[in-house]
Amino acid sequence: MKRSIVRSIIVVLVIGVVMGCKTSGEKKDRADSEEMDTVASMEEKMYRPNFHFTPKKGWMNDPNGLFYHNGYYHLYFQHYPDGNTWGPMHWGHAISTDLITWKEQPIALYPDEMGYIFSGSAVVDIKNTSNFSRDGEIPVIAMFTYHDMEADKAGKINDETQAIAYSLDEGQTYTKYSGNPVIKNPNIPDFRDPKVDWDQERERWTMVLAAGQEIMFYASRDLKNWELLSKFGKGIGNHNGVWECPDFFPLPVKGTEETKWVLLVSINPGGPNSGSATQYFVGDFDGKTFTIDEGFRKELAKEHSFWVDHGRDNYAGVTWSNTRTTEGGKLFIGWMSNWLYANQVPTEKWRSASTVARELGLIKGPNTYRLISNPVKQLNGYRAKKVADKNIAIEGKAVLTTSETISLSKTEINFTLTDIGKGTYTFTLSNSQGDQLKFGLDASENTFFVDRNNSGKTGFSEKFTDRISKAPRISNSNTLTGTILLDKTSLELFYDNGQIVMTEIFFPSAPFETFSLESGTAKSTLENLEIHELTVN
Ligand code: FRU
């Protein structure tokens, strides 16, 4: 009897202790999760971009499978939904009717026993050349690289092959082709990122593929059987890193009757300001071989590389298939990060954003052709509140606006600066925490710069602040025009009508409050200044 009372007391005590532990454990869990929620919502507020695409959760890198069909632009992307660093690659998916507002869709392609789904492209097979159509639907064909991790870990160089999948519901869901891979690996490391497009002139598909330090050109009539046409790249351009994510398309040369072919090749590392960047080549294509233009070759010998974007945060960018702008331009989007620090940037819930969608064009300068990029025109439709001013004399430092007047994190700024002397013209974004993001033109060296070294949170990687990014100015004009796009964590600069572009990310500890321009000792005039707040959430 006595014993049983003691036992009961012990049982009650034990239950009490366990319950007590559980309650305090539960409390701690709740506190932890509340803290995480607060951190997550702070992060959403501070860093989730206003008008750049980010995945709801998880990791993102390269844009993939860009195509336009039936009123929708499709953007797939390298995605690891279950973690915020690079991992088993899927194709995430988003759609837009105007290239600015994106709606995330269910994941389109999952890794399988053949490997991770690496970068690639998608085309609308209007003529059903692939014969995948069943009830008269227009098939969409995705072509991607299978990256076999087992083979990779075993040190095999032939770990990458090319495969296709088809969609009969306008890109929502895909069925992987039973005959994969459609291109086996001929023992070449870094054999990946197929970019397919319809060759109007020859009525067939052309595909470019990164293959070691070269680009391989292929052709196909049915997207399943591929013939190797030629190779390009030995000893040409920048080879200080791995060649990846090529793209190849004809572009009309503005103001002429001419058309030239453009080849984009992303390279990592080896970029002009370290790490990842995308170089380009201009030339001709005879249906078999791509030959770079003579003038371009001569300039390349002097300039060494031509870059789509000189900033550190525009990588693996490619263009939309099945659409062009009214002027014949191609639409482009890049991954707004750099492999140097992409896995460490200070966001937890998601990692990385895309650049704003851009229109690519070609101009002919005195010595060669150059690629120009500008934000897509659809962005103009988002202009709301505006601050405009004319003929502001710039002598010393002038505050151009503050966040009390207009937001500095969903903003388009257009300016014309005249009478440029030999000084340094520095735009500064600053906040009361002492963070500063500086960019502008050093006219004595004819060089643009971006200095994010004191722009807020930078300690996550030494590589983030190990230099001031620079880009040579092509124009010698003493008038400088520019478009500046500002989001919470990104700066996109389009100078001299898109001749020089610089994209860089940053993570301020509080939103920027003041936007100013300083001209040092030089004088000049801000002939025109327009600041638009964009109506995005
Ligand atoms: C470029 C890249 C591609 C590859 C993908 C893997 O950033 O390395 O070459 O397909 O990322 O995620």
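Since the model is a prediction, treat every value here as computed from it, not as a measurement.

Here we come to the environment of V318. Counting through the fold element by element, V318 comes out in strand β17 (residues 315–319). Taking relative accessible area as the criterion, V318 reaches 7% and is therefore assigned buried. Sequence-wise, V318 and K330 are 12 residues apart; in three dimensions their C-alpha atoms are separated by 9.5 Å. Not counting residues up to four positions away in its chain, the partners in contact with V318 are P63, L66, K195, C245, P246, D247, L331, F332 and I333.

Our focus in this paragraph is empty space enclosed by the protein. Going through the model one piece at a time under the given rule, you end up with five cavities of 30 Å³ or more. Here the largest cavity is characterised by a volume of approximately 120 Å³. Along the walls of the largest cavity sit 13 residues, with W350, S352, A353, T489 and F507 positioned nearest its centre. Taken together, the residues of the lining of the largest cavity sort by class into eight nonpolar, five polar and no charged. In terms of domain composition, the lining of the largest cavity takes at least three residues from each of domain 1 (58–375) and domain 2 (381–534). For the second largest cavity, the calculated volume is near 70 Å³. The wall of the second largest cavity is formed by P63, N64, S119, G120, S121, D193, P194, K195, C245, P246, A316 and V318. When contributions to the lining of the second largest cavity are tallied by element, the ones reaching two or more residues are β1 (58–69), β5 (116–124), β9 (191–199), β13 (242–252) and β17. Residues that form the lining of the second largest cavity fall into these classes: six nonpolar, four polar and two charged.

D62, Q78, R192, D193 and E244 are the nearest of the 13 residues found near the ligand. Take N61: an N or O atom from its side chain is 3.1 Å from an oxygen atom of the ligand. At 3.0 Å, a side-chain N or O of W86 approaches an oxygen atom of the ligand. The fraction of the free accessible surface of the ligand (310 Å²) that becomes covered by protein chains is 96%. Considered class by class, the residues forming the shell around the ligand number six nonpolar, three polar and four charged.

So, about the domain arrangement of the protein chain. Partitioning the protein chain into structural domains gives domain 1 (58–375) and domain 2 (381–534). Each of domain 1 and domain 2 was reduced to a C-alpha centroid, and the two centroids are 30 Å apart. The interface is formed by 30 residues belonging to domain 1 together with 31 residues belonging to domain 2. Counting each side, the surface lost to burial between domain 1 and domain 2 is near 2400 Å², with a carbon and sulfur contribution of 57%. Area buried by domain 1 at its contact with domain 2 is led by H310, R312 and P346, which between them contribute 25% of it. Counting the contacts that link domain 1 with domain 2 gives four salt bridges.

A few words now on the packing of aromatic side chains. In the structure shown here, the tally under the stated rule is 42 aromatic pairs. Measuring from ring centre to ring centre gives 3.8 Å for F448 and Y495, while their planes differ by 5 degrees; the resulting arrangement is stacked. In this pair, F448 is assigned in strand β26 (residues 447–454) and Y495 in strand β29 (residues 490–495), connecting sequence segments 47 residues apart. Y495 carries the same exposure label as F448, and that label is buried. Taken together, F217, F232, W243, F248, W261, Y280, F281, F285, F290, F296 and F306 form an aromatic cluster joined through their ring pairs. If you follow K224 out to its NZ or CZ, it ends over the ring of F132, 4.4 Å from the centre. Positioned over the ring face of F464 is R452, at 3.7 Å from the centre of the ring.

Before going further, it helps to examine unusual backbone geometry. A cis amide bond links N180 with the next residue in sequence, P181, at an omega value of 0 degrees. Relative to the assigned elements, P181 resides in the loop between β8 (175–176) and β9. Note that the residue after N268, namely P269, is joined by a cis bond; omega there is -10 degrees. On the secondary structure map, P269 appears in the loop between β14 (259–268) and β15 (277–285). Residue N497 is not a glycine yet carries a positive backbone phi of 60 degrees. Mapped onto the secondary structure, N497 falls in the loop between β29 and β30 (500–505).

What follows concerns the sheet that holds strand β6 (residues 140–147). In a beta sheet, neighbouring strands pair by backbone hydrogen bonds and run either parallel or antiparallel. In space, the four strands of this open sheet follow the order β5-β6-β7-β8, with antiparallel pairing throughout. Strand pairing shows two members of the sheet lacking a second neighbour, β5 and β8, which therefore form its edges. Bridge analysis of β5 against β6 gives seven bridges, and the strand direction is antiparallel. In the sheet register, Y116 faces β6, and the bridge partner there is H147.

Looking now at the side chain of Q279. Note that Q279 resides in strand β15. A distance of 2.9 Å separates a polar side-chain atom of Q279 from the backbone nitrogen of N238. Apart from the residues lying within four places of it in its own chain, the contact partners of Q279 are G237, N238, W243, L263, L264, V265, I267, F306, W307 and V308.

For the rest of this paragraph, the subject is the pattern of salt bridges. All chains considered together, the criterion is met by 31 salt bridges. K302 is paired through a salt bridge with E299; the nearest N and O atoms lie 2.9 Å apart. Of this pair, K302 and E299 both sit in helix α3 (residues 294–303), three residues apart, which is roughly one turn of the helix. In this structure E299 comes out as buried when scored by relative accessible area, which is 6%. Between E492 and R358 there is a salt bridge, with its nearest N and O atoms 2.7 Å apart. Taken together, the positions of E492 in strand β29 and R358 in strand β20 (residues 358–364) put the pair 134 residues apart, joining distant regions of the chain. The pair formed by E492 and R358 is uniform in burial state, with each residue classed as buried. Connected through salt bridges with shared partners, the residues R312, D313, R452, D466, R467 and E504 form a single ionic network.

Rules and cut-offs
Residues numbered from 1 in each chain as written. Predicted model: local features only at pLDDT ≥ 70, side-chain atom pairs only at ≥ 80, totals over all residues. Heavy atoms only, no water. Helix = DSSP H or I, 4+ residues; strand = E, 2+ residues; numbered from the N terminus. Buried < 20%, exposed > 50% of the residue type's maximum accessible area, 1.4 Å probe, protein only. Contact = heavy atoms within 4.5 Å. 1 Å grid on protein atoms, 1.4 Å probe; cavity = no way out; pocket = protein on both sides within 12 Å on 5 of 7 lines; lining within 4 Å. Points joined across faces, edges and corners; volume = space filled by probe spheres on them. Nonpolar A, V, L, I, M, F, W, Y, C, P; charged D, E, K, R; others polar. Domains from an automatic or database assignment. Near = heavy atom within 4 Å. Polar contact = N/O pair within 3.5 Å; in protein donor to acceptor, adjacent residues only side chain to side chain. Areas by Shrake-Rupley, 256 points an atom, 1.4 Å probe, with all protein chains shown as cover. Buried area = accessible area lost by both parts, 1.4 Å probe. Salt bridge = Lys/Arg side-chain N within 4 Å of Asp/Glu carboxyl O. Phe/Tyr/Trp six-rings, centres within 6.5 Å; stacked < 30°, edge-to-face > 60°. Lys NZ or Arg CZ within 6 Å of the ring centre and 35° of its normal. Pairing = 2+ DSSP bridges.

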